[in-house]
Amino acid sequence: MRSILIRFFIIILLLSNKSPLFAQGNDTIPVSVNPALLDIMNSKYPKNFTISAINVTGSKAFDPNLIISISGLAVGDKIFLPGSDVFAKAIAKLWRQSLVSNVQIFITDLNDDAINIEIAIKERPRLIDFQFVGIKKSEREDLEPKVGLAKDRVLTENMKLSAAEVIRQFYYEKGYRNVSIETKEKIIEELSNGVALTFLIDKGKRVRINSINFSGNTEIEDAKLKKQMKGTKEMSRLTLTPDIPVSPYGDTTKGPGFKDYLKSFGFLSISRTLKILDPYFRLKIFSGSKFNDSKYAEDKESVLEYYNAQGLRDAAIVADTQMINRKGNLDIDIKVNEGRRYYFGNIIWRGNTKYSDSVLNLILGIKKGDVYNLETLNKRLGTQLSMEGGDIASLYQDDGYLFYRIDPIETAVYNDTIDFEIRMAEGPQASYGKISVSGNDKTKDYVILREMRTIPGNRYSRSDIIRTQRELSQLGFFNPEKISPNIVPNPDNGTVDINWQVEEKSSDQLELSAGFGGGIGLTGTLGVTFNNFSFKNITSKSSWDPLPSGDGQRLSLRAQSNGRAYRSYNFSFTEPWLGGKSRNSFSVNFYDTKFANTFSPFGGFCSACGDTSYLKTIGFGISLGKQLKWPDDFFNLIYSVNFQQYKLRNYRQIFSGLSNGTSTNISAKITLMRNSAGPNPIFPTSGSNFLFSGQFTLPYSLLGINKNAANQFVLPEFHKWRFNVDWYTPIGRARGAEKNQQFILRAAAKFGFIGRYNPNLEISPFERFQVGDAGLSNTQALLGYDIIAHRGYPIYGNSNPKINPEGITPSQYFTIFNKYTVELRYPFSTSAASTIYGLAFFEAANGWFSFRDYNPFKLRRSVGAGVRFFLPMFGLLGFDYGIGLDRYNQTSGIRGAAKFTFMLGQEPE
């Protein structure tokens, strides 16, 4: 039979009017009719046909076999015509893949009951490239991953529309409400069916919030309501006051002499872009005045929450409008209906048997007549989960009542008063069941389990959970944000199983640093600290990776040198659980230092003097710590014994009248400390640190020892006292910030004193206090000085704050010091990979040489700002810019009073 091309239309009959629709193509083309083929469609009885061949036309980028496979048609398939929907389904399958923009199916030949099929397609274009025109490079980089376009992929109309909408939304959130986007499509002739897209973007003018106006509010003023809108702010402005007379040059900055007029009132020091807009000065540099729909919706909820907190629980926003003014900025009008103010009435307890009504009322802290606040009620009851404690839920859960329930019910509302009945079901006391650990790949289970307060068989306590989280964080082996107790209550047997989930982090540290100063020039430092060391596996080769680890011990090795002038070696080892049964720490340390005089007595550098004039120091110490149970188990008592020996050879810079010989310092020290700061030891957010210590040598002169020695420093004698306290508390969090991103206030006070047993002897030059600078040692730190940092000042040796210590090298250091610090900290990152926070500080400190001169209020003061970076591999890195307020004078100004300091390794005292 002669092959006649017949366009085959799939007919879909609408149930409403039974009329035919042609659904597989965009155009309907008249065709010549072969009577035999028409008989197929016009036959009253379906006939079985076999597909004998399938041909694909219009395919350029796709394999024809792929098109056939997607269609679901295959040679040999049986089709009943008319009436079969096989071709309709094939077309639908090809459309769903979004690979084609048009598809048609033809019957090209008929031979008995065998038919040949042609699938004619028009491929969609393929995206070769896309670009954004009219915007900044940084904005292009932000948009590229957001628009959802991928090169060398099929491009659909929906993808173009979606990309344009993403661009529009991107700028809408930044305050551009009139964005114009034009999409241009260019055919790439060199590439078959390839196109390049260009988005021409005109952002227009940014729409800022000119004003926020409230109406209907009589109880609460506008300023307080605007304060609740953290994400919706008006443009900044400076209001003209009566103290500033009207400019004689008019209201334009173009008037002659206008700049001099403003300068006379100090305005040009604020900004050179000040502009008069009667009756306001407005800055062109705005902050936070862009409009964001989602933040605006949140802020409206915040306004209502604030109303509820003031007892106005019926308050509602009845209308709000946003209008663009003639200058292109936004005026927001919010109409509120405040309703009446409500108060708490009678509060009755039901179901409480463990604690009396009076105890529960005391903890609840709400009295009849207090302003109604449902949020406060729920917080005091503990229905809202809080780690702070001090609520009803904490009271019960700390005594094992894990299964208790509490439900506050409004029983009466009369006039402006609301009565409550608080219904409780205390339930049985729970105990700990199975306690397990997961996620620790390096640290051994017993190291984690010994830190836990959740001991199987003990009564359940919420405070045990919080304390265990803190103790695990203090180890430094795990990401504090990932320490999570998976609590599984078992009401049937009254127990609770806990699986502690942890995430290991790198805790070992490498110190590579260089410093200049201290009279010895450039000094390099190399140190390694292994904070999760395993001494017992040191002989096991399989445990070396790179050193045996997992037992929670600490090993530190450190070396410093600048060549011939100075070198120092340090070693320390700590076992936090000596014996493994209780928290008794054991530490041992050793150091060997040499400081050589590399300058000739006649002036200039002397390469050979380092071997003939030097001071060598060898030190060794042992300490044993014990955790106390009273007053609480945050307390620790530490005993230590220290030995230092100084060998001098032709070295006159240390002891008066002594340049050769040996000085031996043997002392015992006892320290009482309490540390509840946490949970992150790098960035504590709550708690405190307390330390009180006393260090003593024997009173050799009173015992008749060394009485006739040529120099009293052969066996130095002294008693030394230290007192430190640090306190941390959160004071607020910006709206929208993460839970762990809040301002932290740190307040600290430090005191030190070193005295003598024999009033006829000088106070020992050993163990004094070096005050000033960044907390780095100078040459005299060989004598074991406590190094007290004071930002904004160099190291000083005079007690008079009016004397600028800049350029003055101290001849001796203090026997008494005081220091007070207040810091406001804010974390930028508290992840396991890095902890970064900024701080602003006020600091006051000074030192004295006797109690006769001691005055704790006669201090050198400084203010400034800084930043801290903690990287697990390198430890703590810090920068501070401090301004010594008592160094300031009009001649040198702030620059002469400021000092930039750098620290590495650990936070200085």
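Not measured: the values here are computed from a predicted model. (Residues numbered from 1 in each chain as written. Predicted model: local features only at pLDDT ≥ 70, side-chain atom pairs only at ≥ 80, totals over all residues. Heavy atoms only, no water.)

Observations regarding the overall build of the protein chain
Broken down by element type, the protein chain carries 16 helices and 41 strands. Taken across its 909 residues, the protein chain has 44% of its residues classed as buried. With the model as given, the accessible surface of the protein chain reaches about 47700 Å², and the carbon-plus-sulfur share is 54%. (Helix = DSSP H or I, 4+ residues; strand = E, 2+ residues; numbered from the N terminus. Buried < 20%, exposed > 50% of the residue type's maximum accessible area, 1.4 Å probe, protein only. Areas by Shrake-Rupley, 256 points an atom, 1.4 Å probe, with all protein chains shown as cover.)

Some remarks on the environment of Lys802
Along the chain, Lys802 falls in the loop between β36 (786-788) and β37 (816-830). Separated by 84 residues in sequence, Lys802 and Asp886 have C-alpha atoms that sit 6.4 Å apart.

Topic: the sheet that holds strand β9 (residues 153-154)
Reading across from one edge, β9-β8-β11-β10 is the order of the four strands in this open sheet, with mixed pairing throughout. Sheet topology places β9 and β10 (180-188) at the edges, where each strand pairs with a single neighbour. Pairing of strand β8 (residues 126-133) with β9, which is carried by two bridges, proceeds in the antiparallel orientation. Counted as the bridge partner of Arg126 is Val154 from β9. Most of the contacts of helix α5 (residues 157-172) go to strand β11 (residues 194-202), to which it runs at about 25°, and overall it touches β8, β9, β10 and β11. (Pairing = 2+ DSSP bridges. Contact = heavy atoms within 4.5 Å. Axes fitted to C-alpha atoms, helices over the stretch in contact; angles between N-to-C directions.)

Regarding the pairing of strand β28 (residues 584-596)
In this structure, strand β27 (residues 566-575) lies alongside β28, joined through ten bridges in antiparallel fashion. Bridge assignment links Ser568 to a residue of β28, and that residue is Thr593. Relative to strand β29 (residues 614-627), β28 runs antiparallel, the two being bridged by 13 bridges. Looking at β29, one finds that Phe586 is bridged to Leu624.

Structural notes on the packing of aromatic side chains
Scanning the entire structure with this criterion turns up 34 aromatic pairs. On the basis of an interplanar angle of 40° and a centroid distance of 4.7 Å, the ring pair of Phe753 and Phe851 is categorised as tilted. Taken together, the positions of Phe753 in strand β34 (residues 743-755) and Phe851 in the loop between β38 (835-848) and β39 (860-871) put the pair 98 residues apart, joining distant regions of the chain. Residue Phe753 is classed as buried on the basis of its relative accessible area, which comes to 17%. Ring geometry for Phe869 versus Phe879: centroids 6.4 Å apart, planes at 80°, classification edge-to-face. Of this pair, Phe869 sits in strand β39 while Phe879 sits in strand β40 (residues 875-884), placing them ten residues apart in sequence. (Phe/Tyr/Trp six-rings, centres within 6.5 Å; stacked < 30°, edge-to-face > 60°.)

Details of a nonpolar patch on the surface
A cluster of nonpolar side chains, namely Leu557, Phe571, Phe590, Ile618, Phe620, Ile622, Phe643 and Ile666, defines an oily patch on the protein surface of about 620 Å² accessible area. Counting residues per element, the nonpolar patch draws most heavily on β29, at three residues. Note that Leu557 resides in strand β26 (residues 553-561). Given a relative accessible area of 38%, Leu557 falls into the partly exposed group. (Patch = residues over 30% accessible without salt bridge, like charges linked within 9 Å, V, L, I, M, F, W, Y side chains within 5 Å. Salt bridge = Lys/Arg side-chain N within 4 Å of Asp/Glu carboxyl O.)

Description of the environment of Gly884
Mapped onto the fold, Gly884 is located in strand β40. What makes Gly884 buried here is its relative accessible area of 0%. Contact partners of Gly884, with chain neighbours within four places excluded, come to Gly792, Tyr793, Arg861, Ser862 and Ala897.

Some points on the side chain of Asn352
Residue position: Asn352 is located in the loop between β18 (343-350) and α9 (357-364). Classification of Asn352 by relative accessible area gives buried; the value is 15%. In terms of polar contacts, Asn352 uses its side chain to reach the side chain of Asp357, at 2.8 Å. The residues contacting Asn352, other than those within four sequence positions of it, are Asp357, Leu360, Tyr396, Met424 and Glu426. (Polar contact = N/O pair within 3.5 Å; in protein donor to acceptor, adjacent residues only side chain to side chain.)

Quick look at the confidence of the model for the protein chain
Detailed reading of the predicted coordinates is not advisable wherever pLDDT falls low. Looking at the protein chain, the pLDDT average stands at 81 and 82% of residues meet or exceed 70. The low-confidence segment residues 261-287, where pLDDT is below 50, has 53 contacts with residues more than four positions distant or belonging to other chains. Across residues 600-605 the pLDDT falls below 50, and counting only partners more than four positions away or on other chains, this stretch makes six contacts in the model. (pLDDT = per-residue confidence, 0-100.)

A closer look at unusual backbone geometry
Of note, the amide linkage connecting Trp630 to Pro631 takes the cis form, showing an omega dihedral of 0°. Note on placement: Pro631 falls in the loop between β29 and β30 (635-649). Omega for the bond connecting Gly678 with Pro679 falls within 30 degrees of zero, at 0°, which places this linkage in the cis form. Counting through the fold element by element, Pro679 comes out in the loop between β31 (661-675) and β32 (687-696). Even without being glycine, Asp152 reaches a positive phi, approximately 65°. Along the chain, Asp152 falls in the loop between α4 (137-143) and β9. A relative accessible area of 49% means that Asp152 is categorised as partly exposed.

Brief notes about the nonpolar core
Ile54, Ile67, Leu73, Val103, Ile115, Ile117 and Ile119 are the most contacted members of the largest nonpolar core, which has 26 residues in total. When contributions to this core are tallied by element, the ones reaching two or more residues are β4 (47-57), α2 (64-71), β5 (78-81), α3 (86-96), β6 (100-111) and β7 (114-123). Take this core: its biggest share by element is five residues, from β6. Excluding its chain neighbours within four sequence positions, the residues that come into contact with Ile117 are Ile51, Ala53, Ile54, Asn55, Phe87, Ile105, Phe106, Ile107 and Thr108. By size, the runner-up hydrophobic cluster in this structure holds 21 residues, among which are Leu364, Tyr372, Leu377 and Tyr404. (Core = buried A, V, L, I, M, F, W, Y, C linked by side-chain atoms within 4.5 Å.)

Examining the sheet that holds strand β19 (residues 405-414)
Consider a sheet: its strands pair through backbone hydrogen bonds, and that pairing is either parallel or antiparallel. Ordered by their spatial adjacency, three strands build an open sheet running β18-β20-β19, and the pairing between neighbours is mixed. At either margin of the open sheet sits one strand with a lone partner, and together these are β18 and β19. Strand after strand, the sheet turns through a mean of 20° between neighbouring axes, direction not considered. Pairing analysis gives six bridges linking β18 to strand β20 (residues 417-425), with the strands arranged parallel. By the bridge assignment, Ile347 is partnered in β20 with Phe420. The sheet contacts of α9 involve β18 and β20, and relative to β18 the element is tilted by about 140°. Contacts between helix α10 (residues 374-381) and the sheet are confined to β18, β19 and β20, with β19 contributing the most and set at about 150° to the helix.

Some points on α10
Those residues of α10 not exposed but buried are Leu377, Asn378 and Leu381. Down the axis of α10, the sector holding all buried residues measures 95°, keeping them to one side. In this fold, the buried residues of α10 make contact with β18, α9, α11 (392-397), β19 and β20. Two or three places before Glu375, at the start of α10, stands the capping residue Asn373, its side-chain oxygen 3.0 Å from that residue's backbone nitrogen. Looking one or two residues beyond α10, the residue adopting positive phi is Gly382, at roughly 90°. (Arc of directions from axis to C-beta.)

Regarding the pairing of β32
Across eight bridges, the pairing between β31 and β32 is antiparallel. Its bridge partner being in β32, Lys669 is matched across the sheet by Gln695. Both β32 and strand β33 (residues 719-732) contribute to a ladder of ten bridges, which runs antiparallel. Residue Phe696 lies in a different strand from β33, and its bridge partner there is His719.

Examining the packing of α2 against α3
Here α2 crosses α3 at 120°, and the two axes come no closer than 8 Å. Residues Ile67, Ile70 and Ser71 of α2 form the contact with α3, whose participating residues are Ala90, Lys93 and Leu94. Considering only residue class, the contact of α2 with α3 consists of four nonpolar, one polar and one charged. (Nonpolar A, V, L, I, M, F, W, Y, C, P; charged D, E, K, R; others polar.)

A word on the side chain of Ser568
By secondary structure assignment, the location of Ser568 is in strand β27. Classification of Ser568 by relative accessible area gives buried; the value is 4%. At 3.2 Å, the side chain of Ser568 and the side chain of Asn570 are in polar contact. In this structure the side chain of Ser568 is engaged in a polar contact, spanning 3.1 Å, whose partner is the side chain of Thr593. Residues in contact with Ser568, not counting those within four places in the same chain, are Arg558, Ala559, Gln560, Asp592 and Thr593.

Focus: helix α13 (residues 462-475)
Along an α-helix, residues three or four positions apart point the same way, because every turn accommodates 3.6 residues. The end-to-end C-alpha separation of α13 is 21 Å, in line with the 20 Å expected for 14 residues at 1.5 Å each. Within α13, ten of the 14 residues are buried, which leaves it mostly tucked inside the rest of the structure. Three or more residues of α13 are buried, namely Arg462, Asp464, Ile465, Arg467, Thr468, Gln469, Arg470, Glu471, Leu472 and Ser473. Note on α13: the residue one or two positions beyond its end, Gly476, has a positive phi of about 85°. (Expected span 1.5 Å × (residues − 1).)

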